[in-house]
Structures are given as structure tokens and as C-alpha cells.
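Summary of structural features
Chain by chain, the residues:
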Amino acid sequence: MGRITLHWCLHCNLPLVEKVPCGLCGQAPKAVALTPPGDARPAFPYDIGMVRSLADAQFGDGAGKNLLPDGRMVLLNRIPDLDRTDEVIVDGEVVANLTWILGKGFVLQLRMGGGNRIWRGAMTSAAGKLRSWVVADKGAVPSILDGSNLLGPGVAKCAPGICAGDEVILLEETEAGTAPLGTGMAKLSSESMAALTRGNAVKVRWKRINDAPQQPAPDAVERTWDDVLRANARPLERSVARAVEFIREGISKLGKPPAVSYSGGKDSLATLLLVLDAGIKPKVMFIDTGLEFPETVENAQKTAALLGLELLTEKAGEAFWDNLPRFGPPGRDARWCCKCCKLG
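Relative to each other, helix α7 (residues 233–254) and helix α8 (residues 266–277) sit at 75 degrees, their axes nearing to 9 Å. Accordingly, the angle class assigned to the pair α7 and α8 is roughly perpendicular. Side by side, α7 and α8 meet where Val240, Ala243, Val244, Ile247 and Arg248 of the first sit next to Leu274, Val275 and Asp277 of the second. Residues of the contact of α7 with α8, tallied by class, amount to 6 nonpolar, no polar and 2 charged.

Let us look at the environment of Glu172. Within the secondary structure, Glu172 sits in strand β12 (residues 167–174). You can call Glu172 buried: its relative accessible area is 11%. Leave out the neighbours within four places in its chain, and Glu172 touches Ala136, Val141, Gly177, Thr178, Ala179, Pro180, Leu181 and Arg208.

The subject of this paragraph is the sheet that holds strand β7 (residues 93–101). Pairing in this open sheet of 5 strands is antiparallel, and the strands run β4-β5-β6-β7-β8 from one edge to the other. Among the strands making up the open sheet, the edge pair consists of β4 (40–42) and β8 (105–110). Ignoring which end each strand starts from, the neighbouring axes of this sheet average 30 degrees apart. With respect to the sheet, helix α1 (residues 45–59) is in contact with β4, β5 (74–79), β6 (85–90), β7 and β8, its orientation differing from that of β8 by roughly 75 degrees. Contacting β6, β7 and β8, helix α3 (residues 112–124) crosses the sheet at an angle of about 100 degrees to β7.

Conventions we followed
Residues numbered from 1 in each chain as written. Predicted model: local features only at pLDDT ≥ 70, side-chain atom pairs only at ≥ 80, totals over all residues. Heavy atoms only, no water. Axes fitted to C-alpha atoms, helices over the stretch in contact; angles between N-to-C directions. Helix = DSSP H or I, 4+ residues; strand = E, 2+ residues; numbered from the N terminus. Parallel < 35°, antiparallel > 145°, perpendicular 65-115°, else oblique. Contact = heavy atoms within 4.5 Å. Nonpolar A, V, L, I, M, F, W, Y, C, P; charged D, E, K, R; others polar. Buried < 20%, exposed > 50% of the residue type's maximum accessible area, 1.4 Å probe, protein only. Pairing = 2+ DSSP bridges.

Structure (C-alpha cells):
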């Protein structure tokens, strides 16, 4: 799948696209542990608002801001799943999974770092009150750390109102009070846990590890995406230079009129801009598959006009609907729609 190159400068608290010294402070970064293929993208304001709302609804008011504070760079990394799941990355750490569950919609599944943030925020805030927590009996802690789930008799106490299927933060009793032990999904309701019912009480997805990941300084200043661009200026310039050289060489060897296939997405837009950086004025080719949003068609028209490029448009008409009864719904392993609606 290729190497994952995302790193994080802990001094400036910024993502870096390569394992190179930060362009702002010159310090060496740390690698970010992403699930392959590792194609992280910036989280948009809508994404951040949704994650915060889910955190507040699942774990209590203020949990969202504790998980994703203002002024921090947040990334999403889509990972393989039945429907859709994105890893949520902030401060160089994957803090949660944002996953779609049929019948529920989007659900926030906390990683250990996310559980620590929300628990710590609730403990230090006068207004915050943690919901969806379960305290494990001391005798159950070694088994959980060894990879087991929490059984009903191992529940010391729990928050009221938990339903089977809810996401919970698993706690343990220490000399200093309670502390996060793990995160996972409740398999029993609060009432059943209180009754010490047999069976699994909590399916533990992530548990505490002794070697906590390095974290940025807590007093790190607020950053913007302009800061990210400055910190990554040199590796981005090198990537652009390699791409421009590849484009010029390819067009020179082939000797054909250049055109850029444009879909309205980020990848085709980046390709179009790189071709322009190479000093080439291509035609823009857009395929209306018959399933496009009106905004996508408008985007192709406006982009070509803005850049002063000729737009070539083809329309697939009813090709998708005509072939649907024969081939069935398309999927990742049966992408017949691209052949009928684009290539054809």
C-alpha cells in the first residue's frame, strides 16, 4: 500500500507530510500511527462540529471541546470498514473512530487517548459531568490489561442510564481516585451491570498501555492551516517539482494533445494545477455520469472558466440506470459503473 509518511511536530503541534525537520522550528517530528492506507485529510468545520456534538451526547456536556480543543489541527483518516469509519487525529494522536453503524448513524468510538482527554476534562471542570462510565473491580483489571472483556461480576459500579450498545469509558480505582483503564461498548444496561449479571458487561476495544505516547506541550499556541503550509513548505515544493518534471517528460515523449480528466474532486483539481505549474495549458475533460450533483457540474464549468481553459463535456445519459438491472448495485469489487458511465 505504500509507506505512511504523516508525522507531527510536537513543539509546534502541527502535522508534517514527511519525516523531515519542521519548517518552523527545525525540530525532528514523531510518526503518527495511522491505519493503512493512511490517506489523512484536514477535518472541515462541519466534521469537527459533528465529532464534538457526538462526544457531548455520548459522554456529557463539554466532552467535545475536551476531545478537540479550539486552535488545534484536526485530521481524518478513512480506514477499511463495512460502511464508513474515519480515525480522528489531533495533537499527533488518534483519539477516536468516527464510524457509521446501520440503524444508529454516526457513532464516536473513543480510543484510549480520547478517553483520557474526556475523563481529564470532566474531572477538572466544575461544569463538566462524565456520562457513560463503568468502574472495573480491582480483581478484573489484570484480565482486562491482558486482553479480556469486562464480565458482569467484575463491575464495581457504573453510571446510570447506560444501554446495551452504548460507548463507555472504562475506569479503575487507584490510590488517587478513578483513572481510565480502557474504552469500549457496553453489552449490558446499567441495571444489569448493577445486578452483577453473568456475561460480558463491556466489550473492551482499547486498553491502557504503560508507554503513553508523546504529547505536545499543553500551552501550545493556537495554529492555523497557514502555519501547516509554512511548516511543510520544503517537502511540498519538492513534491511539486517531481510531479511537474514527470508531467513535462510524459507529454514530451507521447507528443499528444494534453487533457486533464476533471471530476470536481480534490485529486483531479491538484492534477490540473500541477499541469498548469508545468507551463502547459490543457483541455479539461468532464464526464457527466448522469448521477452528478448540479454543484459538481457547476464546479467543472466555473473551474475551467476561472483558469481560461477549454471544457470538454461528455454525458453518459441513462447508461447507469439502463445497466443496473443487468449488473446490480456497483461496489468496490464490481465497479462496472465507471466503465459504462466514464470510460465508455
